[in-house]
Each structure stands twice: as C-alpha cells, then as structure tokens.
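Examining the three-dimensional arrangement
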Amino acid sequence: MEGTEHKRRVRYSGTHPRHYSEKYKELQPEKYGETIEKVIRKGGTPAGMHISICVREILDFLDIRPGQKGLDATLGYGGHTEAMLGRLDSKGHIWGLDVDPIESEKTRKRLEALGYGPEILTVRQMNFARIDEIAAEAGPFDFVLADLGVSSMQIDNPERGFSYKFDGPLDLRLNPEKGVTAAMRLREMSQKELEGMLTENADEPYAREISRAVTSALRKGQPVDTTGRLRQVIQETLAFLPASEQKEAVKKSCARTFQALRIDVNHEFEVLYEFLEKLPYALAPGGRAAILTFHSGEDRLVKQSFKEYKKAGLYRETAQDVIRPGAEECARNSRARSAKLRWAIRADR
C-alpha cells in the first residue's frame, strides 16, 4: 500500500531466535501455525500465546448449553473463552474480565477476528473481585470460570518482569498502569516483612537468608530493580549449599520469590478472597463455577470458601477431590503440572 513504511523483521544471530523480541513467528501465532505447532510439540509455549489448561475437564463440568450467560473472570489469552463460546453455538453471551489493558485488548481483537463480536462477547478491563458489579449489570450467570494462573504472554515478555529467566525491569504488575512495582515494594519492606511475605506467599525455605541479603544490598545503596539482579542476589545467597544442589535450589527459590512478590504486588490473596465471597451471589440457581489454581495458598482459599458456602446452603454441591491435568497434557504443556481444578454448583434457590 502506497505511503506505508515497510518494516523488516528483527534480525538475530545464529539459527534460532533467543530473545523474546526476536521470536517474530511465535509472536504472530495466527500467521505461523507450523512454527507454533513445532514449539508446542517440543513441550514449549510459543512466546505470543498461552496454552489453556484443563479445557476438556472445564467444559465437561460447566455443561454449557446454547442460550446461557457466562463469565470468564480471568480472560487472559482467551483460550477457555473461545472453547466456551463454541459451546454456546452463537446463542447466549459471555463476559470476559481482565485487569491487564495490554493483553485484554489483544484478546478481544483475536476473538473478534474468529467471529466472536460484541453480540456474543463483552470484554471489560476490570478486576474479578468486582464480580458483583458485572453480575448486577449482566447476571446472574449460568457458568463462571476463573483461571488464576498468569498468562504465558505476561511471563515470557521480559518488559513485564514476571520471570527470573529473562532480564528486565522488576515489575510484576498485572496492570502496568496502576500500583507499585515489585522493585518499589522491596525498597519499602523491612527484612522481617520480606521474610514473612516469602514464607506466607510461597513457602520459601530460605526466606530468612534471601530477605536478609536483599535488604542488606538495598541498605548499601545497591539497587535490586531488575529480574536479573534479584536472581543474582538469590544465587549468591545460596552459594553455601553443596555444588550438586545449588543449581536446582536457586531455580526453585527464584520461582518462589517471584511468585511471592507477584502475589504481594497484585494483592492476589485479598482479591481472590473478595471474589470467592461474592461468587455464589453472582450465579443463577443451579449455576456452575470452576476455579483453576496454581499454588497451595490459592487452592486452600478456594477449598475453604466452597466448604463454608456449601455448609451455609449456598452451594448444592462442591468437588470432593481436586481435578488435575492428565499426564499427556502435562507432557505437552509443562506449565500445567501445578494446576488444580475445583468446582461448585449453586443451590437451586
């Protein structure tokens, strides 16, 4: 087209792209299907997409029928939403919520391109703790899904600071337009507060040692404001471990520390507690809710809430046992391994 500047693809050294910005094929999954499938077959997640977990199990439980109203409380890449929209067969409506302004708009456009426009799908940038507001406007809902995992697009993008594997700003905010970054939170906390956070949010066995090292570095004027720098501090802190154990210990402590910080920065436990308190009142009689968790703290809150509300007569039935992804799914998607699915059915009246 005349007047349109041609943009060359990002060049990289070697035969394969190493950095996120170089993976131009993975970042366009709709255009390079063959590359995407190759990455997935090897057990990886392409940089530009998220592989939804427990889709079959969720659809089996929700038992979606044409004409129903539903809510995806955590829209993300929209893989679960796309599957649920397929079950509606162009009759009914789904509302999708997400606090992330970047990914929610991408997902809205992606789903619209697949034929799911505003007549059947409404996307709102809002926290799922405000489920009562969307239910007052659009509910009550016949089915509700909440996937509490962070999307792969957020994890893999170094600019978002979610992963210790990529160097970038230590941010970790689900909504990068609001709140304080993880780097700012570290500067605010005392050694005792940081130790408590690492223990409570991630069961970190070296919480005392890591919190002491981080606060000591900050007191000396050494910034801990990038993902690489925090990883380095953890690595140096665990140098006392036997050489044969160090690599795995550092990897696990990094994962737990980043998880703990993410939960803190986004107030995830408080938000989940508020959502669970409001959830039964957003469901229609006999409505179904499915929640996918990824660590013990989340699962514990969901289990307790379902149990209490069933005892109070608000839920007719709740999952007796947690549902986990099968071995084949875990082999295809390593991020599925820690997933746990619980469900509840609203009382008939």
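What counts and how
Residues numbered from 1 in each chain as written. Predicted model: local features only at pLDDT ≥ 70, side-chain atom pairs only at ≥ 80, totals over all residues. Heavy atoms only, no water. Helix = DSSP H or I, 4+ residues; strand = E, 2+ residues; numbered from the N terminus. Contact = heavy atoms within 4.5 Å. pLDDT = per-residue confidence, 0-100. Pairing = 2+ DSSP bridges. Right-handed = clockwise from strand over helix to strand, strands pointing away. Buried < 20%, exposed > 50% of the residue type's maximum accessible area, 1.4 Å probe, protein only.

This part covers the side chain of E268. For E268, the location among the structural elements is in helix α12 (residues 268-282). Once you skip the residues sitting within four places of it in the chain, E268 turns out to touch L174, R262, I263 and E298.

Here the focus is the confidence of the model for the protein. When pLDDT is averaged across the protein, the result is 86; 83% of the residues are at 70 or more. Confidence over residues 1-7 falls short of pLDDT 50; this stretch has zero contacts with residues more than four positions distant or in other chains. Here residues 19-26 is modelled with pLDDT under 50, and outside its nearest four sequence neighbours on either side it reaches 27 contacts, counting other chains as well.

Taken together, the four bridges between strand β1 (residues 69-72) and strand β2 (residues 93-97) define a ladder with parallel strand orientation. Counted as the bridge partner of G70 is I94 from β2. Running through helix α3 (residues 79-88), the crossover from β1 to the neighbouring parallel element β2 is right-handed. Sheet topology places β1 next to strand β4 (residues 141-147); three bridges connect them, and they run parallel. Looking at the pairing, G70 lines up with F143 of β4.

Right, let's talk about unusual backbone geometry for a bit. Among all residues except glycine, the phi angle is most often negative; among peptide bonds, the trans geometry is most common. Of note, the phi angle at C54 is positive, near 55°, even though the residue is not glycine. Locating C54 in the fold gives a position in the loop between α1 (33-41) and α2 (55-62). Unusually for a residue other than glycine, S90 sits at a positive phi of about 65°. A relative accessible area of 67% places S90 in the exposed class.

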